[in-house]
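Next come the chains, spelled out residue by residue.
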Amino acid sequence: MAFEDYEPIIGLEVHCELKTATKLFCGCPTTFGNEANTQVCPVCLGLPGTLPVMNGKAVEFAVKIGHALNCTIASYSKGMAQVSDPKAIEDAVDKVLAENPAVVADYKGGKQGVIGFLVGKVMQASQGKANPKMVNEMIKKKLDS
Ligand SMILES: [Zn+2]
């Protein structure tokens, strides 16, 4: 084939970093310049049994940039019906806390990033349907009291 027979097709993949305090799928901080391997938890290490929890602030920023770029924003995501029944969530939280005493001890010892692991476990138990914000708040309330 001659050079003239080729048609260049150029694609761009653009990434940006959102100014969130924590990572996209766990509660680990994103502080620049910290010591290596200090801002990680079982969730962002991808350890078996962990489940990611979406960072609400990242969703907010993504929707904002979507509006700024005149994009169409989906008003819902398929399969995202949430459980917000406090009793059902509390039962799942109590079970996860009881089953993970070492992680609870890590949290109480100052490793607050491990909350992402616990939230992930509750989300897993609810098959992803628990309201993650409620789960996070309930775990914090129980562990900080
Ligand atoms: Zn993490």
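Thresholds applied
- Residues numbered from 1 in each chain as written.
- Predicted model: local features only at pLDDT ≥ 70, side-chain atom pairs only at ≥ 80, totals over all residues.
- Helix = DSSP H or I, 4+ residues; strand = E, 2+ residues; numbered from the N terminus.
- Rg over C-alpha atoms; globule rule 2.2 N^0.38 Å.
- Buried ≥ 20, exposed ≤ 12 C-beta atoms within 10 Å, placed from the backbone.
- Contact = placed C-beta atoms within 7 Å.
- Expected span 1.5 Å × (residues − 1).
- Arc of directions from axis to C-beta.
- Core = buried A, V, L, I, M, F, W, Y, C linked by C-beta atoms within 7 Å.
- Axes fitted to C-alpha atoms, helices over the stretch in contact; angles between N-to-C directions.
- Parallel < 35°, antiparallel > 145°, perpendicular 65-115°, else oblique.
- Left-handed = near helix turned anticlockwise from the far one by under 90°.
- Nonpolar A, V, L, I, M, F, W, Y, C, P; charged D, E, K, R; others polar.

Trainee: It is not clear to me how the overall build of the chain should be interpreted in this structure. Could you clarify?
Mentor: Scanning the chain for helices and strands turns up 5 helices and 0 strands. Walking the chain from its N terminus toward its C terminus, one meets helices and strands in the order α-α-α-α-α. Radius of gyration (C-alpha) of the chain: 20 Å, far over the 15 Å computed for a compact globule of 145 residues. Dimensions of the chain, computed from C-alpha atoms along their principal axes, come out at roughly 70 × 40 × 30 Å. Put simply, the chain has 145 residues, and 23% of those count as buried. Of the contacts formed within the chain by residues at least 6 apart in sequence, a portion of 61% connects residues at least 24 apart.

Trainee: Is there a simple way to explain helix 5 (residues 132–144) in this structure?
Mentor: Along an α-helix, residues three or four apart share an orientation, since each turn contains 3.6 residues. The terminal C-alpha atoms of helix 5 lie 18 Å apart, and with 13 residues this matches the ideal 18 Å at 1.5 Å per residue to within 8%. Within helix 5, the full set of buried residues consists of Pro-132, Val-135, Asn-136, Met-138 and Ile-139. Buried residues of helix 5, seen end-on, are gathered within an arc of 165° and therefore sit on one face of the element. Facing away from the buried side of helix 5, by more than 90 degrees, are the exposed residues Lys-141 and Asp-144. Tucked inside the fold, the buried residues of helix 5 contact helix 2 (86–99) and helix 4 (115–125).

Trainee: When you look at the nonpolar core in this model, what are you seeing that I'm missing?
Mentor: Generally speaking, nonpolar side chains in soluble globular proteins are found buried as a group. Of all hydrophobic cores here, the largest spans 23 residues; its most connected members are Val-93, Leu-118, Val-119, Val-122 and Val-135. Every element with two or more residues in this core is listed here: helix 2, helix 4 and helix 5. Here the element with the most residues in this core is helix 4; it accounts for 6 residues. Sequence-distant contacts of Val-122, that is, excluding residues within four places in its chain, are made with Ala-92, Val-93, Val-96, Ala-130 and Val-135.

Trainee: Even after reading the chapter, I still don't get the packing of helix 4 against helix 5, so can you show me in this structure?
Mentor: Each pair of packed helices gets described by two things: the angle between the helix axes and the distance between those axes. At their nearest, the axes of helix 4 and helix 5 sit 10 Å apart, and the two run at 125° to each other. In terms of axis orientation, helix 4 runs oblique to helix 5. By crossing handedness, the relation of helix 4 to helix 5 is classed as right-handed. Contact residues: Ile-115, Leu-118, Val-119, Val-122 and Met-123 in helix 4; Pro-132, Val-135, Asn-136, Ile-139 and Lys-140 in helix 5. Per-class residue counts for the contact of helix 4 with helix 5 are 8 nonpolar, 1 polar and 1 charged.

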